[in-house]
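# Fold and geometry: a report
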Amino acid sequence: MSEEPEILFERKGPLALVTLNRPKALNALTLGMIRAMQPQMAAWASDETVKAVVVRGAGEKAFCAGGDVRAVWQAGKDGDRLTRDFFYEEYRLNRTIHVFPKPYVALIDGIVMGGGIGVSVHGSHRIAGDRTLAAMPETAIGLFPDVGGSWFLPRLPGRIGLWMALTGARLKTADSVYTGVASEYVPSVQHEDLVEALASDLVKTDDARGAVDATVAEFDGDPGPAPLAEHREEIDRLFASDRIADILAALEADGGDWAKAQLEILNGRSPTSMKVTAEQLIRGKDLDFDSCMTMEYRLSQAAMAGHDFYEGIRAVLVDKDHAPKWQPATLAEVTDEMVESWFRPLGERDLTFG
Ligand code: QUE
């Protein structure tokens, strides 16, 4: 019996195609997938017959639900080096996509969270479909919004990035376009046709970027009004501070239904994750991309050495009781010194780009 590969690479003439192929696991990224994709991207970058790359997820449910954090969780319990290698190689791949010299078109239909955002948001085109559900939900598992969250979240309009990072809010199609997480909307039934059109339109041209822009524009649809626009004023006002305590106080003082809902969500999130996330986004706003990834790798290793990641994965993916017991349990117990310690350089173990 032949085993189905976790990731597929194909060519359609001038177009190179990546298919994340673990549909039963919502196409969550394994280290094996990352290790296959990194050298393929490098080869396609320097192959003159490749004009653009398309990445998509197998099946209807998900583009990519995240990283295979359950395997990382197991590795942490077993003392396995996957707790280092996974983040190191995932962040290198995120950077490869960020600097990729050709159009990189991600078809982000279905669930696109965490690691799935990391292999799409840094590309030139992120095409939403009808089932798009985009989020950075890491504070729910004692992690922080990684895979370049330090880079893209502080660069979203107003305070949307901090709000998304702290609450893990799920954006549907119109909201994903409104925020800029998606660059365009194309109806899901047309995604296959878009791929075929890109493959044929890229044959005739020397201007790949112009050709992809023009072809995508032909398919570009109207996602309708973004529900998030109705809450934009509240987001910018209630999440105006970089201090979690101020945000919680503002939400309590507001007392409206939307503010109450946000408060309830934040009350379930890891206090350590929330404070680290706020600091991460402050720092990321003024850092270049590579420095963001170096910072995030430090944070990942602090998370691996701590408590809440293991408890978060237990509560959400293993036991599924959705009742994590965070340590520290309250924001007040998370000191500035504790937050600062997550950002310390790792010396020889640091992720750097030569
Ligand atoms: C928060 C997260 C993740 C999550 C759930 C959260 C995450 C992630 C997964 C996930 C989902 C399906 C899988 C899988 C992992 O769930 O990052 O292997 O099959 O990858 O609340 O950050």
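The present account deals with the structure reproduced in this document. (Residues numbered from 1 in each chain as written. Predicted model: local features only at pLDDT ≥ 70, side-chain atom pairs only at ≥ 80, totals over all residues. Heavy atoms only, no water.)

### Some details on the pattern of salt bridges
Across all of its chains, the model carries 24 salt bridges by this definition. In this structure, R56 and E192 form a salt bridge, with 3.2 Å as the shortest nitrogen-oxygen distance. With a gap of 136 residues between them, R56 in strand β3 (residues 52-57) and E192 in helix α8 (residues 191-201) connect regions that are remote in the sequence. Across the pair D213 and R209 runs a salt bridge, and its minimum N-O distance is 3.4 Å. With a gap of four residues between them, D213 and R209 both fall in helix α9 (residues 208-219), about one helical turn apart. For D213, a relative accessible area of 33% translates into the label partly exposed. We classify R209 as partly exposed; its relative accessible area is 43%. Three or more residues joined by partner-sharing salt bridges are found here, namely R35, R81, D85 and E89. (Salt bridge = Lys/Arg side-chain N within 4 Å of Asp/Glu carboxyl O. Helix = DSSP H or I, 4+ residues; strand = E, 2+ residues; numbered from the N terminus. Buried < 20%, exposed > 50% of the residue type's maximum accessible area, 1.4 Å probe, protein only.)

### Focus on unusual backbone geometry
Here the amide bond leading from Q327 into P328 is cis, since omega sits at -5°, within 30 degrees of zero. Turning to its location among the elements, P328 is positioned in the loop between α15 (308-318) and α16 (336-342). At N27, a residue that is not glycine, the phi angle is positive and equals roughly 60°. Relative to the assigned elements, N27 resides in the loop between β2 (15-20) and α1 (31-46). The buried category is assigned to N27, whose relative accessible area is 0%. Non-glycine residue K320 carries a positive phi angle of around 60°. Here K320 shows up in the loop between α15 and α16.

### Some remarks on the sheet that holds strand β4 (residues 62-64)
Taken in spatial order, the three strands line up as β4-β6-β8 in an open sheet, and their pairing is parallel. Every interior strand has two partners, whereas the edge strands, β4 and β8 (133-135), have only one. Along the sheet, successive strands turn relative to each other by an average axial angle of 15°, direction set aside. With two bridges joining them, β4 and strand β6 (residues 111-113) adopt parallel strand pairing. By the bridge assignment for β6, A62 is matched with I111. (Pairing = 2+ DSSP bridges. Axes fitted to C-alpha atoms, helices over the stretch in contact; angles between N-to-C directions.)

### Some points on the packing of α8 against α9
Between two packed helices, the angle of one axis relative to the other and the distance separating the axes together describe the packing. With their axes 10 Å apart at the nearest point, α8 and α9 run at an angle of 150° to one another. Between α8 and α9 lies a crossing whose hand is right-handed. Between α8, through D193, L194, A197, L198 and D201, and α9, the contact on the second element is made entirely by A211, V212, T215, V216 and F219. Taken together, the residues of the contact of α8 with α9 sort by class into seven nonpolar, one polar and two charged. (Left-handed = near helix turned anticlockwise from the far one by under 90°. Contact = heavy atoms within 4.5 Å. Nonpolar A, V, L, I, M, F, W, Y, C, P; charged D, E, K, R; others polar.)

### Structural notes on helix α3 (residues 82-98)
Taking 1.5 Å per residue, 17 residues should reach 24 Å; α3 reaches 24 Å between its end C-alpha atoms and fits that length. For α3, the complete set of buried residues consists of L82, T83, D85, F86, F87, E90, Y91, L93, N94, T96 and I97. Buried-residue contacts for α3 involve α1, α2 (69-78), β5 (104-108), α4 (115-118), α14 (289-305) and α15. (Expected span 1.5 Å × (residues − 1).)

### Quick word on the site of the ligand
In the vicinity of the ligand there are 13 residues, among which A25, A28, G66, G67 and I141 approach most closely. Within the contact set of the ligand, an oxygen atom lies 2.6 Å away from a backbone nitrogen or oxygen of G67. (Near = heavy atom within 4 Å. Polar contact = N/O pair within 3.5 Å; in protein donor to acceptor, adjacent residues only side chain to side chain.)

### Structural notes on α9
Spanning twelve residues, α9 covers 17 Å between terminal C-alpha atoms, matching the ideal 16 Å at 1.5 Å per step. Along α9, the residues that are buried comprise A208, A211, V212, T215, V216 and F219. In an axial view of α9, the angular spread of the buried residues amounts to 125°, which keeps them on one side of the axis. (Arc of directions from axis to C-beta.)

### Focus on the side chain of N94
Mapped onto the elements, N94 comes out in helix α3. On the accessibility criterion, N94 (0% relative accessible area) is buried. If we skip the residues at most four places from it in the chain, N94 touches G118, V119, H122, V147, F289 and M293.

### Section: the packing of aromatic side chains
Per the counting criterion, the structure on display carries nine aromatic pairs. Look at F86 and F87: their rings are 5.6 Å apart centre to centre, the planes differ by 90°, and that puts the pair in the edge-to-face class. By relative accessible area, which is 2% here, F87 ends up buried. Three or more aromatic residues joined by ring pairs make a cluster, and in this case those are F86, F87 and Y91. Across the ring face of F343, the terminal group of R283 is positioned such that the distance to the ring centre comes to 4.2 Å. (Phe/Tyr/Trp six-rings, centres within 6.5 Å; stacked < 30°, edge-to-face > 60°. Lys NZ or Arg CZ within 6 Å of the ring centre and 35° of its normal.)

### Re the nonpolar core
Judged by nonpolar contacts, the single largest core of 88 residues is most densely connected at L20, Y104 and W163. Residue contributions to this core peak at eight residues, all from α14. With 19 residues, the next largest nonpolar core counts L15, A52, A197 and F219 among its residues. (Core = buried A, V, L, I, M, F, W, Y, C linked by side-chain atoms within 4.5 Å.)

In short, the description is geometric, and any link to function would need to be established separately.
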